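Overview (structure and organization)
Residue strings, one per chain:
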Amino acid sequence: MEKLVVLTGAGISAESGLKTFRDSDGLWEGYNIEDVATPEAWQRNPALVQEFYNERRKSVLEAKPNTAHFALARLEEKYEVTIITQNIDDLHERAGSTNVIHLHGIITRSQSSINPELTYPINGWQIGMDEVCELGSPLRAHVVWFGEAVPMIETAARICSRAELFILVGTSLAVYPAAGLINYVGPRVPKYIVDPKIPEASVRGPVMKIQEKATIGVPELVDRLLNK
Ligand code: NAD
């Protein structure tokens, strides 16, 4: 089977009701990124950061996968698919995709605040300020904050370098190192971009730009690739 790699961003979950941030006003659900999604924010005001991610988790648990998530899952009928997502939601998994790499973590798990390798399932939607990991340190959301290392980036780069087909959906390609992954994809590999606002980053080789929302553009593209 051909190796197909899909890199997704916040845009694929927008029509499931989960907001992107760069589209609107540079804020994420009304917050400055520096106030909620950095290690410094956690140092300054852990309760605010915890509360912010508890709210995001609640929204994620209430959201449902959309036709774009479901369409990508269908690709496994014909391709060896890896989805590399920048999203912290679990909508790809709930749509049925079986091979998903979360570059920025997943909000449905908690993480030790001193050892990012210690992660745990969460009962319900809230992490309490009194909850601790097995080392006795407070638990936080299992997400990668701005300024933190991205442990999965090397695995993701290797997978991109072996791709035989590549699809990019709903990402502004503004957050590094994720945005650099596209440079690992071979120059002759066919690439498809689905986004109502095609990102300006330069992409090497043959690119088909599908300027549509994910729920329109992705199912159409998947039908085409399954009937190829
Ligand atoms: P971004 O907010 O920077 O860019 C969103 C992209 O999605 C834009 O290119 C926009 O044109 C496109 N888009 C908007 N509506 C769309 C639709 N209906 N269909 C297809 N595309 C659409 O998002 P990013 O590049 O993923 O970077 C944001 C960072 O914020 C990520 O690293 C992620 O961890 C985090 N984030 C995650 C979620 C989530 O998990 N659902 C939501 C918001 C932010």
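Above this text sits the structure in question.
Quick caveat, the model's predicted, so the values are computed rather than measured.

Here is what the cut-offs are and how they apply
- Residues numbered from 1 in each chain as written.
- Predicted model: local features only at pLDDT ≥ 70, side-chain atom pairs only at ≥ 80, totals over all residues.
- Heavy atoms only, no water.
- Pairing = 2+ DSSP bridges.
- Helix = DSSP H or I, 4+ residues; strand = E, 2+ residues; numbered from the N terminus.
- Axes fitted to C-alpha atoms, helices over the stretch in contact; angles between N-to-C directions.
- Near = heavy atom within 4 Å.
- Polar contact = N/O pair within 3.5 Å; in protein donor to acceptor, adjacent residues only side chain to side chain.
- Areas by Shrake-Rupley, 256 points an atom, 1.4 Å probe, with all protein chains shown as cover.
- Buried < 20%, exposed > 50% of the residue type's maximum accessible area, 1.4 Å probe, protein only.
- Contact = heavy atoms within 4.5 Å.
- Expected span 1.5 Å × (residues − 1).
- Phe/Tyr/Trp six-rings, centres within 6.5 Å; stacked < 30°, edge-to-face > 60°.

A closer look at the sheet that holds strand β4 (residues 105–112)
Taking strand neighbours across the sheet as the criterion, the three strands line up as β5-β4-β6 in an open arrangement whose pairing is antiparallel. Both outer strands of the open sheet, β5 (119–121) and β6 (139–143), are each paired with one neighbouring strand and no more. Adjacent strand axes in the sheet meet at a mean angle of 50 degrees, parallel and antiparallel pairs treated alike.

Details of the site of the ligand
A10, Q86, T171, S172 and D195 are the nearest of the 26 residues found near the ligand. At 2.8 Å, a side-chain N or O of E15 approaches a nitrogen atom of the ligand. Separating an oxygen atom of the ligand from a side-chain N or O atom of D195 is a distance of 2.5 Å. In isolation the ligand offers 860 Å² of accessible surface; the protein chains occlude 94% of this area. The dominant element in the shell around the ligand, judged by the number of residues it contributes, is helix α1 (residues 11–14), at three residues.

Some thoughts on the environment of L75
Within the secondary structure, L75 is located in the loop between α5 (67–74) and β2 (80–85). The class for L75 is buried, based on a relative accessible area of 0%. Sequence spacing of L75 and E134 is 59 residues, and the spatial spacing of their C-alpha atoms is 40 Å. Setting aside chain neighbours within four positions, we find L75 in contact with L4, V81, I167, V222, L225 and L226.

Thoughts on α5
Within α5 the residues assigned to the buried category are A68, H69, A71, L72 and A73. Buried residues belonging to α5 abut β1 (3–8), α1, β2, α6 (91–95) and α8 (214–226). A distance of 2.8 Å separates the backbone nitrogen of A68 from a side-chain oxygen at the start of α5, and that oxygen is part of N66.

Here's the deal with α8
When the terminal C-alpha atoms of α8 are compared, their 17 Å separation across 13 residues agrees well with the 18 Å that a helix rising 1.5 Å per residue should span. Residues A214, G217, V218, P219, L221, V222, L225 and L226 constitute the buried set of α8.

Some words on unusual backbone geometry
For residues besides glycine, phi is generally negative; the peptide bonds are generally trans as well. Omega for the bond connecting Y176 with P177 falls within 30 degrees of zero, at 5 degrees, which places this linkage in the cis form. The residue P177 is located in the loop between β7 (165–169) and β8 (191–194) in this model. Here the phi dihedral of L173 falls at roughly 55 degrees; this positive angle occurs in a residue that is not glycine. Note on placement: L173 falls in the loop between β7 and β8. By relative accessible area, L173 is classed as buried at 9%.

A short note on the packing of aromatic side chains
Scanning all chains against the criterion turns up four aromatic pairs. Measuring from centroid to centroid gives 5.1 Å for Y31 and F52, while their planes differ by 75 degrees, and the two rings are edge-to-face. Taken together, the residues Y31 in the loop between α1 and α2 (33–36) and F52 in helix α4 (residues 46–62) connect sequence positions 21 residues apart. Owing to a relative accessible area of 31%, Y31 belongs among the partly exposed residues under this scheme. With 5.9 Å between their ring centres and 40 degrees between their planes, W42 and W145 make a pair best called tilted. On the criterion of sequence distance, the pair formed by W42 in helix α3 (residues 39–44) and W145 in the loop between β6 and α7 (153–161) is long-range, its members being 103 residues apart.

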